[in-house]
Amino acid sequence: MKKKVLILLVVAVLALAPAAAAQYKGASEEGTWGVGLNLGTNTGVAIKYGYGDFDIFGNVGFDFLNLKTDPFRFSIGVDVGISYEVYDADFGGGHHMPITVGLMFPMGFIITDGSMDFNLGVLAQAGLEYQIPDVPIAFYLRLGVGLDMLFGSSGLELGPGFSGAIGVMYVF
């Protein structure tokens, strides 16, 4: 019963998110790219593209939360997501901080002593962004919470999913 409720909740969020977000726009200008460093549950390279109505982002890197030596366990993480600006805190003089919400899908490939498990999450995420005026450098903070699914040698395991990251990007 618990699994059915969680799955129905995820389906409802995925179905309603595009309609609810239709009134918002992305935090980045349309057609801009960002490339940088992501630090958090997935530490590595970050990319972002502004579509105007929304932004898409991705991270590829090492998942240090799953790193263990006894028994050996190593994980590569890939995050993809979409974000919408819901509010822009304007500080004057070109300084502003968009507040964003969206969906995030973190994936992990967990390598252990003889097997490889796959982790997939569906998270609601919120974030802050700040770009220095007249300088192509942007900073961000993202936090996500939702459902986590582990497809492993012991079958499917459902549980809570979390994600957090801070990062810096060169925007062009």
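Now for a look at the structure at hand. (Residues numbered from 1 in each chain as written. Predicted model: local features only at pLDDT ≥ 70, side-chain atom pairs only at ≥ 80, totals over all residues. Heavy atoms only, no water.)

On to the pairing of strand E3 (residues 55–62). Here strand E2 (residues 43–50) runs beside E3; their pairing, made up of 8 bridges, is antiparallel. Paired with Val45 across the two strands is Val60, which belongs to E3. If you look at the hairpin formed by E2 and E3, you'll find 4 residues sitting between the two strands, and Gly52 has a positive phi there, around 95°. Pairing of E3 with strand E5 (residues 72–92) involves 8 bridges; the strand directions are antiparallel. Within E5, the residue paired with Phe62 across the bridge is Ile76. (Pairing = 2+ DSSP bridges. Helix = DSSP H or I, 4+ residues; strand = E, 2+ residues; numbered from the N terminus.)

Glancing now at the packing of aromatic side chains. Between two aromatic rings, the relevant description is the distance of the centres plus the angle of the planes. By the definition in use, this model includes 8 aromatic pairs. Aromatic pair Phe54 and Tyr84: ring centres 6.1 Å apart, planes at 55°, arrangement tilted. Here Phe54 is found in the loop between E2 and E3, whereas its partner Tyr84 is found in strand E5, with 30 residues between them in sequence. Under the relative-accessibility criterion, Phe54 is labelled partly exposed at 23%. For Tyr84, a relative accessible area of 13% corresponds to the buried category. Plain terms: the ring middles of Tyr170 and Phe172 are 5.9 Å apart, the flat faces sit at 25° to each other, and that makes the pair stacked. The structure contains a cluster of three or more aromatic residues connected by ring pairs, namely Trp33, Tyr49, Tyr51, Phe54 and Tyr84. The residue whose ring lies beneath Arg142 is Phe57, and the NZ or CZ to ring-centre distance is 3.7 Å. (Phe/Tyr/Trp six-rings, centres within 6.5 Å; stacked < 30°, edge-to-face > 60°. Buried < 20%, exposed > 50% of the residue type's maximum accessible area, 1.4 Å probe, protein only. Lys NZ or Arg CZ within 6 Å of the ring centre and 35° of its normal.)

With that out of the way, let us pick up the pairing of strand E7 (residues 116–131). Relative to E7, strand E6 (residues 95–112) runs antiparallel, the two sharing 11 bridges. Bridge pairing in E7 links Ile111 to Met116. Adjacent in sequence and paired antiparallel, E6 and E7 are bridged by 3 residues, among which Gly114 carries a positive phi angle near 125°. Where E7 lies against strand E8 (residues 137–152), 14 bridges are found, and the strand directions are antiparallel. Paired with Gly121 across the bridge in E8 is Asp148. From the end of E7 to the start of E8, which pair antiparallel, there are 5 residues, and Asp134 there has a positive phi angle of about 65°.

A word on the side chain of Ser83. By secondary structure assignment, the location of Ser83 is in strand E5. Taking the relative accessible area as the measure of exposure, Ser83 reaches 2% and is therefore buried. With residues near it in sequence (within four places) discarded, Ser83 still touches Gly26, Phe54, Asp55, Phe57, Thr100, Val101, Gly102, Gln125 and Glu129. (Contact = heavy atoms within 4.5 Å.)

Turning next to empty space enclosed by the protein. Applying the stated criterion across every chain yields a total of 1 cavity of 30 Å³ or more. By volume, the largest cavity amounts to about 40 Å³. In terms of lining residues, the largest cavity is bounded by Lys48, Glu129, Ala138, Phe139, Tyr140, Arg142 and Met169. Examining the composition of the lining of the largest cavity, we find that 4 residues originate from one element, E8, more than from any other. When grouped by side-chain class, the residues that make up the lining of the largest cavity number 4 nonpolar, no polar and 3 charged. (1 Å grid on protein atoms, 1.4 Å probe; cavity = no way out; pocket = protein on both sides within 12 Å on 5 of 7 lines; lining within 4 Å. Points joined across faces, edges and corners; volume = space filled by probe spheres on them. Nonpolar A, V, L, I, M, F, W, Y, C, P; charged D, E, K, R; others polar.)

Bringing the pattern of salt bridges into the picture now. Under the defined criterion, the tally for this structure stands at 2 salt bridges. Of the charged contacts in the structure, one is a salt bridge between Asp55 and Lys48, with a shortest N-O distance of 3.4 Å. A single burial state applies to Asp55 and to Lys48, both of which are buried. Within the structure, one salt-bridge network assembled from shared partners comprises Lys48, Asp55 and Glu129. (Salt bridge = Lys/Arg side-chain N within 4 Å of Asp/Glu carboxyl O.)

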